[in-house]
Structures are given as C-alpha cells and as structure tokens.
Amino acid sequence: MNKFHSIKMLALACAILSLFVLFAGCKKSSKVSEERLSEVVVYSYDSFCGEWGSGPEIARLFEEKTGLKVTFIDCGDGVQILSKAQLEKSDPFADVLVGLDNNLAEKAAKSGVLASFKPSNSEVLSEGLEAELGGKWLMTPYDYSPFAIIWNSLSDIPAPTCLEDLTKDIYKKKLILMDSRTSTPGLGFDTWVHKVYGEKYADYMKRLEPSVLTMAPGWSVGYGMFTDGEAPLVISYTTSPAYHIEYGEGDQFKALSFTDGHVMQVEGAGLVKGAKNPEGAKKFIEFLISEDAQNVIPTTQWMYPSNKNVTMPACYDTIEMPKILR
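Residues numbered from 1 in each chain as written. Predicted model: local features only at pLDDT ≥ 70, side-chain atom pairs only at ≥ 80, totals over all residues. Heavy atoms only, no water.

A. Spotlight on the overall build of the chain. Each helix and strand in the chain was counted, giving 13 helices and eleven strands. Projected onto its principal axes, the C-alpha positions of the chain cover 100 × 45 × 35 Å. For the chain, with 326 residues in total, the buried portion stands at 51%. On the chain, roughly 16000 Å² of surface is accessible, and the fraction owed to carbon and sulfur atoms is 55%. Within the chain, the 42 negative side-chain charges are centred at a point lying 11 Å from the centre of the 32 positive side-chain charges. (Helix = DSSP H or I, 4+ residues; strand = E, 2+ residues; numbered from the N terminus. Buried < 20%, exposed > 50% of the residue type's maximum accessible area, 1.4 Å probe, protein only. Areas by Shrake-Rupley, 256 points an atom, 1.4 Å probe, with all protein chains shown as cover. Lys, Arg positive; Asp, Glu negative; His and termini not counted. Charge placed at Lys NZ, Arg CZ, Asp CG, Glu CD.)

B. Spotlight on the environment of Gly135. Relative to the helices and strands, Gly135 resides in the loop between helix H7 (129-132) and strand S5 (140-152). When the C-alpha positions of Gly135 and Ile58 are compared, they lie 25 Å apart, and in sequence the two are 77 residues distant.

C. Quick peek at the layout of surface pockets. The space that makes up the largest pocket amounts to roughly 650 Å³. Taken together, 27 residues form the lining of the largest pocket, with Ser47, Trp219, Tyr243, Thr300 and Trp302 sitting closest to its centre. Listing elements by their share of the lining of the largest pocket, those giving two or more residues are helix H3 (46-49), helix H8 (184-197), helix H10 (219-227), helix H11 (241-246) and strand S10 (264-272). The element contributing the most residues to the lining of the largest pocket is H10, with five residues. (1 Å grid on protein atoms, 1.4 Å probe; cavity = no way out; pocket = protein on both sides within 12 Å on 5 of 7 lines; lining within 4 Å. Points joined across faces, edges and corners; volume = space filled by probe spheres on them.)

D. Up close: the packing of aromatic side chains. In this structure the tally under the stated criterion is 19 aromatic pairs. Taking the centre distance of 5.1 Å and the plane angle of 45 degrees together, the rings of Tyr243 and Tyr247 count as tilted. Residue classification places Tyr243 among the partly exposed positions, given a relative accessible area of 31%. Judged by relative accessible area, Tyr247 falls into the exposed class, the value being 51%. (Phe/Tyr/Trp six-rings, centres within 6.5 Å; stacked < 30°, edge-to-face > 60°.)

E. Layout of the pairing of strand S8 (residues 233-237). For S8, a buried count of five out of five residues is recorded, marking the element as mostly surrounded by other parts of the structure. Bridge count for S5 against S8 is five bridges, and the pairing is antiparallel. Each residue of the ladder has a partner; that of Ala148, found in S8, is Ser236. (Pairing = 2+ DSSP bridges.)

F. Spatial organisation of unusual backbone geometry. Not every positive phi belongs to a glycine, and Lys173 is a case in point at roughly 60 degrees. Overall, Lys173 belongs to the partly exposed group, its relative accessible area being 44%. Residues other than glycine seldom take positive phi values, yet Trp302 does so here, at roughly 55 degrees. With respect to the secondary-structure elements, Trp302 resides in the loop between helix H13 (291-294) and strand S11 (304-305).

G. Up close: the pattern of salt bridges. Following the criterion strictly, the structure yields 13 salt bridges and no others. For the salt bridge of Glu64 with Arg60, the shortest nitrogen-to-oxygen distance reads 3.4 Å. Residue Glu64 and its partner Arg60 are located together in helix H4 (residues 55-66), separated by four residues, close to a single helical turn. Owing to a relative accessible area of 62%, Glu64 belongs among the exposed residues under this scheme. Measuring nitrogen to oxygen at the nearest pair gives 3.5 Å for the salt bridge that ties Asp251 to Lys254. Judged by its relative accessible area of 31%, Lys254 falls in the partly exposed class. Several salt bridges share partner residues, and in doing so they unite Glu57, Arg60 and Glu64 into one network. (Salt bridge = Lys/Arg side-chain N within 4 Å of Asp/Glu carboxyl O.)

H. View of the packing of H4 against helix H12 (residues 278-288). H12 packs onto H4 with a crossing angle of 120 degrees between their chain directions and a minimal axis gap of 11 Å. The pairing of H4 with H12 is recorded here as oblique in orientation. The two elements H4 and H12 meet at a crossing, and its hand is right-handed. Packed against H4, whose contacting residues are Ile58, Leu61, Phe62 and Lys65, the element H12 presents Gly280, Lys283, Phe284, Phe287 and Leu288 at the interface. Residue classes in the contact of H4 with H12 are distributed as six nonpolar, one polar and two charged. (Axes fitted to C-alpha atoms, helices over the stretch in contact; angles between N-to-C directions. Parallel < 35°, antiparallel > 145°, perpendicular 65-115°, else oblique. Left-handed = near helix turned anticlockwise from the far one by under 90°. Contact = heavy atoms within 4.5 Å. Nonpolar A, V, L, I, M, F, W, Y, C, P; charged D, E, K, R; others polar.)

I. Just the packing of H8 against helix H9 (residues 201-208), in detail. Between H8 and H9, the shortest axis-to-axis distance is 9 Å and the interhelical angle comes to 120 degrees. Relative to H9, H8 is oriented oblique. Pair H8 / H9 crosses with right-handed handedness. Contact with H8, carried on its side by Phe189, Asp190, Val193, His194 and Tyr197, involves Tyr201, Tyr204, Met205, Arg207 and Leu208 of H9 and no other residues of that element.

J. Spatial organisation of the side chain of Ser183. On the secondary structure map, Ser183 appears in the loop between strand S6 (175-178) and H8. Discounting chain neighbours no more than four positions away, the residues touching Ser183 are Asp77, Val79, Met178, Pro217, Gly218 and Trp219.

K. Structural detail: the confidence of the model for the chain. Mean pLDDT over the chain works out to 91, with 91% of the residues at or above the 70 mark. Note on residues 1-29: pLDDT is under 50 here. Beyond four places in sequence and across chains, it has one contact. (pLDDT = per-residue confidence, 0-100.)

Below is the structure:
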C-alpha cells in the first residue's frame, strides 16, 4: 500500500467518523432531558401567575400531587401569550398556554400552535363552556365571567345603563379601557360593541373617544388605575366586585347590568403542539379543572370556576348574571 492510498484511506475513515459524530450529536441534542421532562412550562398572564393570582397555589398543589415542577412565564396578557407562542412555533418553549379566551379561539386555531387534547376528567365542566372555545378541544375552559362596566358608586356621576350612555358628555374622561391588541378585556369590549352595533362599530368607537381616559395595556394596569381613583368607570367583569366584598372594602364598586346585554369571556388552557413535555402538560390541564385547583379560582382569579361541582364563596352571593348576547 503506497502512502497516497494510505492517506486516502485515512481521509475516508476520518470522514466516516465525522459523520458518525455529527449524527450522534444531532440525535443527542434532539432528545429531551430528564430534567425537562420533570418540568411543565406554562405561558400565562400577570394576574394569573403573579403573587396574588391563582397560579402559585395551583402550581404548589400540582407539584405536591405529581412531583412535576411548574414554571410560569408571564407574557403580559392573553393576546401577547398567543403572539409569543406563534413566534416560537417552529421550536416551542412552552408546554401549556393559559389565558387564551373565546375571543381568541378562532385566531388560536388558525395559528396552528395548539394540539387537540380532551382531558380525561372533562365531565366535570359546566355545559357549553368548551363549545365557546371552538368545540375542538384545542383549549380546555378553566374559568368564565361576563364582561361588565364597573362603576364607583361613591363618584359624582350617575351609573350608565347601556353602551350608548357612555358616549354622553357627563362621562368625558371617566372611562378606562384596555388595548385590544394586547389585552383580552380590551378585545372583549371590542367584541361587545361589535355585537351591539354591528356595522356601526367604528362610528360608536369614534363617539366614545372623548369618554376614554386611557387605553391601558392590560387588565392589571387598567383596573389598578380605577381602584386608585383615576376614573369612576372601567371595563372588567361581573364578578370583580366579589373581591372588594371579600376583603372588607365594601360594595361601592358595582358591576352594571346594561340593557344591551353582555358578552362572556371563557378562558382556556391549551396544549402546545410540539411541546417538550406533552405528558406533563396534559396532567397540568387535567389538574387545572380538578376540584383541588378550581376551588382556588373564585378568590384569586375572581371568576366563576369551570368545574360545576365547586361551591362558590359567600362574597359571590350578591353577584347577578346579566343577559348574555349570543
């Protein structure tokens, strides 16, 4: 064997070895680590996963029951959660999205970021809630409430009785709304106006402009401004006054029942398509609608739980369900 043949054979051997190392490396990098399989990554929003939200206690109970760690990532609000998941679609980081709602259901379905999953304990859900989210089990409902205008009854303005009232001069700079591009309550208010005014939506919103103090980026900021006294009216939920009653703040904040009717928000949790830990994600979604987790919802999320077997606390006794627009 001459030296040139030896060099060729050596080069061929090195090439084969390089390919082996390359493919072995690829195989190794595509494998999900044991550590990652012991963690469920959940994209959520500030008022759910923050200190006073449902998330921390639900995570504690879930970890206690399953041994799986929950890592919440605050994306701001529901619209931002979906946007972030879409950006990461080719290589998802989250396993579960919590906080998408019925007004985002169609957009979420078209985005292709969610995988269909029907929880094994789905029979505990109140009738009709999953249908509000599209009926394909891309999202599992975990709470709900009608949107409402909350009025500070100690203010010097009378309570409006309908959406049209909000355009009156007496309400100039008296209303706090949320941006529909970043906030599900903002999107909910848009949906409400569309339901009532139809093709005259743009005209109504133009007439409403003088009444709007600000378009907050999300519910936490907007509702915080309201409770700080910056305006006597805010878009929120029929159930919001229960918080103030529970914590001894009185009943000055009233959820107004409008003659127009109201639209409902149903919030859901979805399994991310291509999730690193799909089995952990499924367990988390099933736990989220269990009584253990759902008992946390009324006095942290301040919404109705989706589990029909949960007994509501006394602070909800005075909350009335308004007429719902379909």
